[in-house]
Amino acid sequence: MAPVPDTGAGESPSADAPSAGAPAPEIRASAAPETGTSRVPVEGQAAWTRLLKMSRPRATRANLLAALLAVLLGAGIAAQVQLTNQRGLDELSQPDLVRVLDDISLRSSRLDQQVRELESTRDRLKNGTGTAAEALEQAQKRVDTLGILAGTLAAKGPGITLRINDPTNAVTGPIVLDIIQELRDAGAESIDVGGVRVVASSFVGDRDGEILVDGVQVTRPLVIKVIGDSKTLSSAMTIPGGIVESVRQKGAEASVTESNLVEITSLHRPTQMTHAKPVE
């Protein structure tokens, strides 16, 4: 008779093992606590720390490319500004360069002639070769010159008339001041702006869109009378990049008329000195 195998009937069945024929128990997965997926509000020091970490620059390819483009853009702008500042005589055409050279030559010749005349007069008076009448004549010329420069005497002579038609009032006080400075650099001996005599102490300003010279409102269109070398003054105003071109860029119209006789009858009332006294 064959031996009967031991089936473990003597051992008690495990409590966990399902009994034969019994349905398998239903297994339910317990919900894991949400840790990384939940958005827990951060406040206080932790919030500032997280913000600081997020704002730190990261050496990514996009950031490096943006930085390179910014550097190239800055270098391009700097080069363009430098090129614009250097634009001057190199950008002028040959006729314009000839006009500039003629203007400089006329100014130099005029100044050289004045120096020679003054030196000759000084030498004659210093050596005693001049007469008393000549000395008196020179003194009177000096008084007349000072009177014209101070604006206390009317003046006439060759010069130009600059007319500026400015319907939009784009020509302001600073532009008029630049015009006066350019005229002085060109050798203007007497200047009248809108009926107001311009002297060394004159000032230009604006008020409600109107131009004031020494506190007096000047009318538009603006008329500026100048006595001096007409060719030199005209070249200084019409030179490329000069006053006439600058005024036209503002939307105004400017014209220069040369004349052999310009009369300036406006006078400047001298200011009474309260502190300055001549040295004896």
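Cut-offs applied
- Residues numbered from 1 in each chain as written.
- Predicted model: local features only at pLDDT ≥ 70, side-chain atom pairs only at ≥ 80, totals over all residues.
- Heavy atoms only, no water.
- Helix = DSSP H or I, 4+ residues; strand = E, 2+ residues; numbered from the N terminus.
- Buried < 20%, exposed > 50% of the residue type's maximum accessible area, 1.4 Å probe, protein only.
- Contact = heavy atoms within 4.5 Å.
- Areas by Shrake-Rupley, 256 points an atom, 1.4 Å probe, with all protein chains shown as cover.
- Salt bridge = Lys/Arg side-chain N within 4 Å of Asp/Glu carboxyl O.
- pLDDT = per-residue confidence, 0-100.
- Polar contact = N/O pair within 3.5 Å; in protein donor to acceptor, adjacent residues only side chain to side chain.
- 1 Å grid on protein atoms, 1.4 Å probe; cavity = no way out; pocket = protein on both sides within 12 Å on 5 of 7 lines; lining within 4 Å.
- Points joined across faces, edges and corners; volume = space filled by probe spheres on them.
- Nonpolar A, V, L, I, M, F, W, Y, C, P; charged D, E, K, R; others polar.
- Core = buried A, V, L, I, M, F, W, Y, C linked by side-chain atoms within 4.5 Å.

In this section: the overall build of the chain. Secondary structure summary: the chain contains 7 helices and 8 strands in total. For the chain, with 280 residues in total, the buried portion stands at 22%. Counted over contacts in the chain with a minimum sequence separation of 6, partners at least 24 positions apart contribute 73%. Only carbon and sulfur atoms are counted for the fraction: they give 57% of the accessible area of the chain, which is about 21000 Å².

Enumeration according to the criterion identifies 3 salt bridges in this entry. A salt bridge links Arg220 to Asp166, with the shortest nitrogen-to-oxygen separation between them at 2.9 Å. With a gap of 54 residues between them, Arg220 in the loop between strand E6 (216–217) and strand E7 (222–227) and Asp166 in the loop between strand E1 (155–165) and helix H5 (173–185) connect regions that are remote in the sequence. Since its relative accessible area comes to 5%, Asp166 is described here as buried. Close ionic contact of Glu258 with Lys231 constitutes a salt bridge, the shortest N to O distance being 3.4 Å. Linking Glu258 in strand E8 (residues 253–264) with Lys231 in helix H6 (residues 230–238), this pair joins segments that are 27 residues apart in sequence. Accessibility expressed as a relative area gives 36% for Glu258, which makes it partly exposed.

As a further point, take the side chain of Ser234. Along the chain, Ser234 falls in helix H6. Once residues lying within four places of it in the same chain are set aside, the contact partners of Ser234 are Ile160, Val256 and Glu258.

This next bit is on the confidence of the model for the chain. Of all residues in the chain, 70% have pLDDT values of 70 or greater, and the mean over the chain is 77. Within the model, pLDDT remains below 50 along residues 1–22, and this stretch shows 0 contacts once partners closer than five positions in the same chain are excluded. When the criterion is pLDDT under 50, residues 24–37 qualifies, and its contacts beyond four places in sequence or with other chains add up to 0 contacts.

A few words on H6. Among the 9 residues in H6, 7 count as buried, and that is most of the element. Of the positions making up H6, those classed as buried are Ser230, Thr232, Leu233, Ser234, Ser235, Ala236 and Met237. Regarding H6, its N-cap is Asp229, as a side-chain oxygen of that residue lies 3.3 Å from the backbone nitrogen of Lys231 further along.

Let's shift gears to the layout of surface pockets. Reported here for the largest pocket is a volume of approximately 940 Å³. Along the walls of the largest pocket sit 27 residues, with Gln114, Glu117, Leu118, Thr145 and Glu189 positioned nearest its centre. Elements that contribute at least two residues to the lining of the largest pocket include exactly helix H3 (94–127), helix H4 (132–150) and E1. For the lining of the largest pocket, the element with the most residues is H3, which contributes 9 residues. Of the residues that constitute the lining of the largest pocket, the class distribution is 9 nonpolar, 9 polar and 9 charged.

Moving on, we get to the nonpolar core. Grouped together as the largest cluster of nonpolar side chains are 29 residues, with contacts concentrated most on Ile164, Ile179, Leu183, Ile191, Val193, Ile224 and Met237. Elements supplying a minimum of two residues to this core: E1, H5, strand E2 (190–193), strand E3 (196–198), strand E5 (210–213), E7, H6 and helix H7 (243–249). Counting residues per element, this core draws most heavily on H5, which supplies 5 residues.

Looking now at unusual backbone geometry. Residues Arg220 and Pro221 are joined by a peptide bond in cis, for which omega reads 0°. You can see Pro221 is positioned in the loop between E6 and E7. Positive phi values are uncommon outside glycine, yet Asp208 reaches one of about 55°. Its place among the elements puts Asp208 in the loop between strand E4 (204–207) and E5.

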